[in-house]
Amino acid sequence: MRTQVGIVGGGPAGLLLSHLLALRGIDSVVLELRSREYCERRVRAGVLEQGTVDVLTAAGVGERLRREGLPHDGIELRYGGGTHRIAFEKLVPGRNITVYGQQEVVKDLIEARLAAEGKIHFEVDDVRVHDLDGSPYITYGDGQRLDCDVIAGCDGFHGVTRASIPEDALTTFQRDYPFAWLGVLARVPPSAEELIYARTPKGFALHSMRSPEVSRFYLQVPTDTREEDWPDERIWAELKERLSTVPGFTLHTGPILEKSVTPMRSFVTEPMRHGKLFLAGDAAHIVPPTGAKGLNLAVADVTVLTDALAHWYATGETGLLDSYSATCLRRVWRAQHFSWWMTHLLHTFDDEDAYGERLQTSYLDYVTSSEAAATTLAENYVGMALGRL
Ligand code: RFL
Ligand code: PHB
């Protein structure tokens, strides 16, 4: 089999890349390890930046997102017995975020690809990439082979593409955090209209949502925690304690549909390219979810990669492909800093001395009282315009 762009991984990055390339008349094949059902059920991100919504809409996959997505013009920061709104409409006029589950984005993209007779192979195992400096090809399954002009590594943090690059050709940067997040999906109407980020002495908590009937929560938990350690009653008790810190707030409870533990990590690979292999999304970089940036970075990467490949196919010039990594890394590092900063601002650290705790409070007081500081948070949270970073 032969295609122009061989794409490893059918998450948001791989699927959107395949779709954007098709809109430019470029052929691709997506090879995905898991089943379609698994990909469509995997509960993950929920916050789409304005730029991400714009890209999906322009690509013709924004119709259900426009109907069912929940636009938000602010978030709440809760700490020290008070609650404070970061008002996007005032601080970054004309820009906001939309709450829409990642698995809904994935469903929309799979549907659009299959409707256009795009090629996605699910449940493909033993994917390997070869001859990255020459005539690249991918092998998989029992002896199948896909020849291509270039390969896109969109196979997430644990994928095979980044691991196929010789170690001395990459520099990696990493921070691990001394806690994890327990993510919870519950069939219960949201208890607030906007997302609540809460710092409490018992740890961080986040109240998010998916629809008027379904809420999403996260709790800071120890790294060695297991899902079995968290029966439903314990989850609700902990969420109540961490979120009900202001008068007049009542947390609604209901049946828990799903729970999972996510490690918290920051990671960057430089460069995001090796020969004819281009890494995009989580395959190249990871952020802790506190800043809600991972999916948005994946979308930004494949937007840049599409432009670069389209230019190369149209003109034979390699300039944009050569600058792909540097262009993406500017945005990646801004998101790295923002996510690291939000994580430090809002979590409790076991080794935190009283001095560190006072610094957190001081910065939270600053962000919630100074328009300049609040604008910094708002501008990063809604995302920088694609042209500016
Ligand atoms: P994905 O989604 O991991 O997709 C990679 C795909 O590659 C497949 N794969 C392989 N296929 C073939 N061969 C192999 N050997 C393969 N190995 C893996 C996998 O099955 C999968 O289908 O990466 P991609 O496309 O780069 O997308 C990145 C996003 O998924 C990720 O950054 C976000 O989910 C991060 N994230 C958030 N991002 C946001 O922008 N906003 C948020 O609100 C947000 N919240 C979150 C998050 C991530 C979380 N978790 C669980 C990590 C909340 C959580 C809890
Ligand atoms: C989510 O709704 O899943 C979500 C929201 C905000 C975050 C992370 C995840 O910072």
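To be clear, the structure that these remarks concern was listed above.
Residues numbered from 1 in each chain as written. Chains lettered and ligands numbered in written order. Predicted model: local features only at pLDDT ≥ 70, side-chain atom pairs only at ≥ 80, totals over all residues. Heavy atoms only, no water.

(A) Layout of the packing of aromatic side chains. Counted under the stated rule, the structure contains 15 aromatic pairs. Aromatic side chains Trp181 and Tyr218 sit 4.8 Å apart centroid to centroid with 40° between the ring planes, which places their arrangement in the tilted category. Taken together, the residues Trp181 in strand β13 (residues 171-186) and Tyr218 in strand β16 (residues 215-221) connect sequence positions 37 residues apart. Comparing Trp181 with Tyr218 shows no difference in burial state: the two are buried. Seen from their ring centres, Trp341 and Tyr363 are 5.5 Å apart, and the 80° between their planes marks the pair as edge-to-face. Residue Trp341 is located in helix α10 (residues 324-346), and its partner Tyr363 is located in helix α11 (residues 354-367); the two are separated by 22 residues in the primary sequence. Three or more aromatic residues joined by ring pairs form one cluster here, namely Phe88, Trp181, Tyr197, Phe204, Tyr218 and Tyr381. (Phe/Tyr/Trp six-rings, centres within 6.5 Å; stacked < 30°, edge-to-face > 60°. Helix = DSSP H or I, 4+ residues; strand = E, 2+ residues; numbered from the N terminus. Buried < 20%, exposed > 50% of the residue type's maximum accessible area, 1.4 Å probe, protein only.)

(B) Local environment of the site of ligand 1. The immediate surroundings of ligand 1 are formed by 33 residues, with Glu32, Arg42, Gln102, Asp282 and Leu295 found nearest. In this structure, an oxygen atom belonging to ligand 1 sits 2.7 Å away from a side-chain N or O atom of Arg42. Of all the secondary structure elements, the ones that give two or more residues to the shell around ligand 1 are α1 (12-23) and α8 (294-315). In terms of residues, the shell around ligand 1 owes the most to one element, α8, which gives four residues. (Near = heavy atom within 4 Å. Polar contact = N/O pair within 3.5 Å; in protein donor to acceptor, adjacent residues only side chain to side chain.)

(C) Summary view of the pairing of strand β1 (residues 5-8). In β1, alternate side chains face the same way, and those of Val5 and Ile7 on one face and Gly6 and Val8 on the other are all buried. Here β1 pairs with strand β2 (residues 28-31) via four bridges, running parallel. Bridge pairing in β2 links Val8 to Leu31. For the segment spanning β1, α1 and β2, crossover handedness is right-handed. As defined by bridge partners, β1 adjoins strand β12 (residues 150-153) across four bridges and the pair is classed as parallel. Bridging from a neighbouring strand, Gly6 pairs with Ile151 of β12. (Pairing = 2+ DSSP bridges. Right-handed = clockwise from strand over helix to strand, strands pointing away.)

(D) Just the sheet that holds strand β11 (residues 144-147), in detail. Spatially, three strands are ordered β9-β10-β11 in an open sheet, and the strand pairing comes out antiparallel. Bordering the open sheet on either side are β9 (128-130) and β11, each of which pairs with just one other strand. Between one strand axis and the next, the sheet turns by 25° as a mean value, whatever way the strands run. Strand direction decides the pairing type here: strand β10 (residues 137-140) and β11, joined by four bridges, are antiparallel. Looking across to β11, one finds that Tyr140 is bridged to Gln144. (Axes fitted to C-alpha atoms, helices over the stretch in contact; angles between N-to-C directions.)

Everything listed is a geometric property; what it means functionally is a separate question.
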